[in-house]
Amino acid sequence: MKQLKRPTKAKECPHQKRFNSVLQAVAEALHLEHWEARYTQEDTQPEDRPNLLAVNRCVSEGRRLWIVFYPALYECDGEEQLRTIIHEYVHALHNPYVQVIGQMIDWSHEADRRWSEMIETKMNEHVTDHLTSAIYDLIKDRFR
Ligand SMILES: [Zn+2]
């Protein structure tokens with residue numbers, strides 16, 4: 001995929017138009033186009049996370065997603081950008097499952113909570129990365 005440029009807040013920003021079209025295309029590929037979606041751009045990179053590209057920030061139930069993009073995303077090539085977008089959509093897809101696990105962890109004994117949170121975080125990223133790779137291979141040719 002050709003690299004995405006950081007959208008500006010200008011009304012007719014061409015980067016925003018292309019960015020939105022890529023988001024829409026990936027959402028359609030994952031059958032998420034009917035979900036309530038919110039996308040935000042952070043103006044500054046967190047000092048403690050210089051390589052953070054995006055996060056799924058949605059914590060509510062239902063077919064909703066909220067993806068936050070960080071400035072470092074626009075330093076990446078198009079392939080990494082596309083992988084990042086897919087990755088955050090996959091997080092949104094299994095958000096309800098993660099919420100259930102999180103609730104169970106909250107209910108667990110404090111002694112079990114620390115290791116179970118660590119395992120859940122690793123499992124979540126492992127599954128998300130695996131699905132991201134599979135989906136990337138299936139749809140990457142649409143973005144050439
Ligand atoms: Zn992740």
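Residues numbered from 1 in each chain as written. Predicted model: local features only at pLDDT ≥ 70, side-chain atom pairs only at ≥ 80, totals over all residues.

Draft legend 1. Main features of the overall build of the chain. Looking only at helices and strands, one finds four helices and three strands in the chain. The order of helices and strands in the chain, counted from the N terminus, is α-β-β-β-α-α-α. The C-alpha radius of gyration of the chain comes to 16 Å, within 12% of the 15 Å expected for a compact globule of 144 residues. The C-alpha extent of the chain, read off along each of the three principal axes, is 50 × 35 × 25 Å. The 144 residues of the chain split such that 19% are buried. Across the chain, the fraction of contacts at a sequence separation of at least 24, relative to all contacts at a separation of at least 6, is 63%. (Helix = DSSP H or I, 4+ residues; strand = E, 2+ residues; numbered from the N terminus. Rg over C-alpha atoms; globule rule 2.2 N^0.38 Å. Buried ≥ 20, exposed ≤ 12 C-beta atoms within 10 Å, placed from the backbone. Contact = placed C-beta atoms within 7 Å.)

Draft legend 2. Region of the structure containing the sheet that holds strand β3 (residues 64-69). The three strands lie next to each other as β1-β3-β2, forming an open sheet whose pairing is mixed. The strands lining the two open edges of the sheet, one partner per strand, are β1 (36-41) and β2 (54-56). Adjacent strand axes in the sheet meet at a mean angle of 15° when their direction is disregarded. Pairing analysis gives three bridges linking β2 to β3, with the strands arranged antiparallel. (Pairing = 2+ DSSP bridges. Axes fitted to C-alpha atoms, helices over the stretch in contact; angles between N-to-C directions.)

Draft legend 3. Just the pairing of β3, in detail. Judged by which residues are buried, β3 turns out to be one-sided: Leu 65, Ile 67 and Phe 69 face inward and are buried, whereas Arg 64, Trp 66 and Val 68, on the alternate face, are not. Note that β1 and β3 share six bridges and pair parallel. The partner of Thr 40 across the bridge, within β3, is Val 68.

Draft legend 4. Representation of the confidence of the model for the chain in the model. Here the chain shows a mean pLDDT of 91. Residues at 70 or above account for 100%. Per-element averaging of pLDDT across the chain places helix α3 (residues 95-107) at the bottom with 89 and helix α2 (residues 78-93) at the top with 95. (pLDDT = per-residue confidence, 0-100.)

Draft legend 5. Spatial organisation of helix α1 (residues 14-29). In this model, α1 (16 residues) spans 23 Å end to end at C-alpha, consistent with the 22 Å of a helix rising 1.5 Å per residue. All of the buried residues in α1 are Phe 19, Leu 23 and Val 26. Buried residues in α1, looked at end-on, bunch into an arc of 65°, giving them a common side. Turned more than 90 degrees away from the buried face of α1, the exposed residues are Pro 14, Lys 17 and Ser 21. (Expected span 1.5 Å × (residues − 1). Arc of directions from axis to C-beta.)

Draft legend 6. Region of interest: the nonpolar core. Counting residues in hydrophobic clusters, the biggest one holds 18 residues, and the most contacted among them are Ala 54, Ile 85, Ile 86 and Tyr 89. When contributions to this core are tallied by element, the ones reaching two or more residues are α1, β3 and α2. By residue number, the principal contributor to this core is α2, which donates six residues. Among residues more than four places away in sequence, those in contact with Ile 86 are Val 26, Thr 132, Ile 135 and Tyr 136. (Core = buried A, V, L, I, M, F, W, Y, C linked by C-beta atoms within 7 Å.)

Draft legend 7. Quick peek at the packing of α3 against helix α4 (residues 110-139). At a closest axis distance of 10 Å, the pairing of α3 and α4 adopts a crossing angle of 170°. When the axis of α3 is compared with that of α4, the two are roughly antiparallel. Across the interface between the two elements, Val 98, Ile 101 and Ile 105 of α3 pack against Arg 113, Ser 116, Glu 117, Glu 120 and Asn 124 of α4. The residue inventory of the contact of α3 with α4, partitioned by class, reads three nonpolar, two polar and three charged. (Parallel < 35°, antiparallel > 145°, perpendicular 65-115°, else oblique. Nonpolar A, V, L, I, M, F, W, Y, C, P; charged D, E, K, R; others polar.)

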